[in-house]
Amino acid sequence: MQMTCLASSGIPLVQCSADGYSADVYLFGPIGNPEEYMSVVSLLSSSPEGADIRLHINTDGGSLDTADMLYTHIKNTAANVVAHTYGLVASAGTIIVAACPSVRLSVGSKFLVHMPSTPALEDLDERTANAWTEANRAYIRRVYSNLLDDKQIVSATAGDDVFLPYSQLIKKFKGDI
């Protein structure tokens with residue numbers, strides 16, 4: 001069974017091979033709204049075992065909802081997914097990378113991880129704001145358990161930015177370059 005590849009000409013750009021068993025997905029720039037990524041969801045959902053999907057990622061972040069949707073589909077696909085990172089991969093982009101079983105780093109790769117935020121958090125009542133914050137802390141612990149060490153998870157859940165330069169990333173991915 002071949003993978004289903006919907007036509008894509010914008011962001012994200014999805015290009016499938018003629019044989020239908022490999023694809024390249026380019027996630028460059030801001031991670032937008034979930035509906036903009038349905039071609040990627042379709043590709044991940046329809047890919048047969050043994051298909052290869054290469055995610056090329058360079059982003060300063062974006063929509064948590066989109067990143068979570070892609071994280072879930074990457075974790076559940078039968079395809080072999082490899083993240084190829086270039087330059088800065090921040091925020092929502094690191095969530096997507098965290099789902100990938102294999103990562104290839106450019107020598108300029110660097111990651112920035114932080115607590116998810118919402119511009120309206122200060123407008124929420126205290127109880128709702130606290131619940132939102134605790135849910136995000138739990139999310140960080142789950143999503144980044146293979147990417148961050150315990151000290152970095154504590155920093156991120158405390159609201160600090162966690163910067164991972166190439167020299168640290170190469171150790172995390174054990175030469176998976």
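Chemist: Would you explain the packing of helix α2 (residues 64–76) against helix α4 (residues 126–143) in this entry?
Modeler: Packed helices, taken two at a time, are described by the angle between their axes plus the distance between the axes. Closest axis-to-axis distance for the α2/α4 pair is 13 Å, and the angle between their directions is 35 degrees. Both α2 and α4 take part in a crossing whose hand is left-handed. Residue-level contacts link L64, D68 and Y71 of α2 to N136, Y139, R142 and V143 of α4. In terms of residue class, the contact of α2 with α4 is built from four nonpolar, one polar and two charged.

Chemist: Honestly, the side chain of T85 in this entry has me stumped. Any pointers?
Modeler: Considering the arrangement of structural elements, one finds T85 in strand β4 (residues 80–90). T85 sits in the buried class, given a relative accessible area of 0%. The contacts of T85, once residues within four sequence positions are left out, are I57, V97, V103, R104, L105, S106, S109 and F111.

Chemist: Explanation requested: the packing of aromatic side chains in the structure shown.
Modeler: Aromatic rings considered in pairs are described by the distance between their centres and by the relative angle of their planes. With the rule as written, the count across this model stands at three aromatic pairs. Residues F28 and Y86 carry aromatic rings whose centres are separated by 6.1 Å and whose planes lie at 90 degrees to one another, so their mutual orientation is edge-to-face. With F28 in strand β2 (residues 22–28) and Y86 in strand β4, the pair connects residues that are 58 residues apart, well separated along the chain. By relative accessible area, F28 is classed as partly exposed at 38%. Looking at Y86, the relative accessible area reads 31%, which means it is partly exposed. Here the aromatic residues Y26, F28 and Y86 are joined through ring pairs into a cluster of three or more.

Chemist: Explanation requested: the pairing of strand β5 (residues 102–105) in the structure shown.
Modeler: Every other side chain in a regular strand lies on the same face of the sheet, so the side chains alternate between the two faces. Summarising the sheet, β4 and β5 pair through four bridges and their orientation is parallel. Bridge pairing in β5 links T85 to L105. Between the parallel elements β4 and β5, the chain passes through helix α3 (residues 92–99) in a crossover that is right-handed.

Chemist: Explain the nonpolar core to me, please; I cannot follow it from the model alone.
Modeler: Side chains of a nonpolar character, in soluble globular proteins, are inclined to be buried together. Counting residues in each nonpolar core, the largest one holds 47 residues, and the members touching the most others are L55, I96, F111, Y144 and L148. Among all residues touching F111, those that are not within four sequence positions of it are T85, V89, T94, V97, L105, L147, V162, F163, L164, L169 and F173.

Chemist: Would you take a moment to explain the pairing of β4 for this structure?
Modeler: Among the eleven residues in β4, eight count as buried, and that is most of the element. With seven bridges connecting them, strand β3 (residues 52–59) and β4 associate as parallel partners. Bridged to T59 within β4 is V89. For the crossover from β3 across α2 to β4, the handedness is right-handed. Note: β4 against strand β6 (residues 110–113), three bridges, orientation parallel.

Chemist: Please clarify how unusual backbone geometry should be interpreted in this entry.
Modeler: Trans peptide bonds make up most of the peptide bonds, and negative phi angles are found at most residues other than glycine. Backbone geometry places S91, a non-glycine residue, at a positive phi of 50 degrees. By the secondary structure assignment, S91 is in the loop between β4 and α3.

Conventions used here
- Residues numbered from 1 in each chain as written.
- Predicted model: local features only at pLDDT ≥ 70, side-chain atom pairs only at ≥ 80, totals over all residues.
- Heavy atoms only, no water.
- Axes fitted to C-alpha atoms, helices over the stretch in contact; angles between N-to-C directions.
- Helix = DSSP H or I, 4+ residues; strand = E, 2+ residues; numbered from the N terminus.
- Left-handed = near helix turned anticlockwise from the far one by under 90°.
- Contact = heavy atoms within 4.5 Å.
- Nonpolar A, V, L, I, M, F, W, Y, C, P; charged D, E, K, R; others polar.
- Buried < 20%, exposed > 50% of the residue type's maximum accessible area, 1.4 Å probe, protein only.
- Phe/Tyr/Trp six-rings, centres within 6.5 Å; stacked < 30°, edge-to-face > 60°.
- Pairing = 2+ DSSP bridges.
- Right-handed = clockwise from strand over helix to strand, strands pointing away.
- Core = buried A, V, L, I, M, F, W, Y, C linked by side-chain atoms within 4.5 Å.

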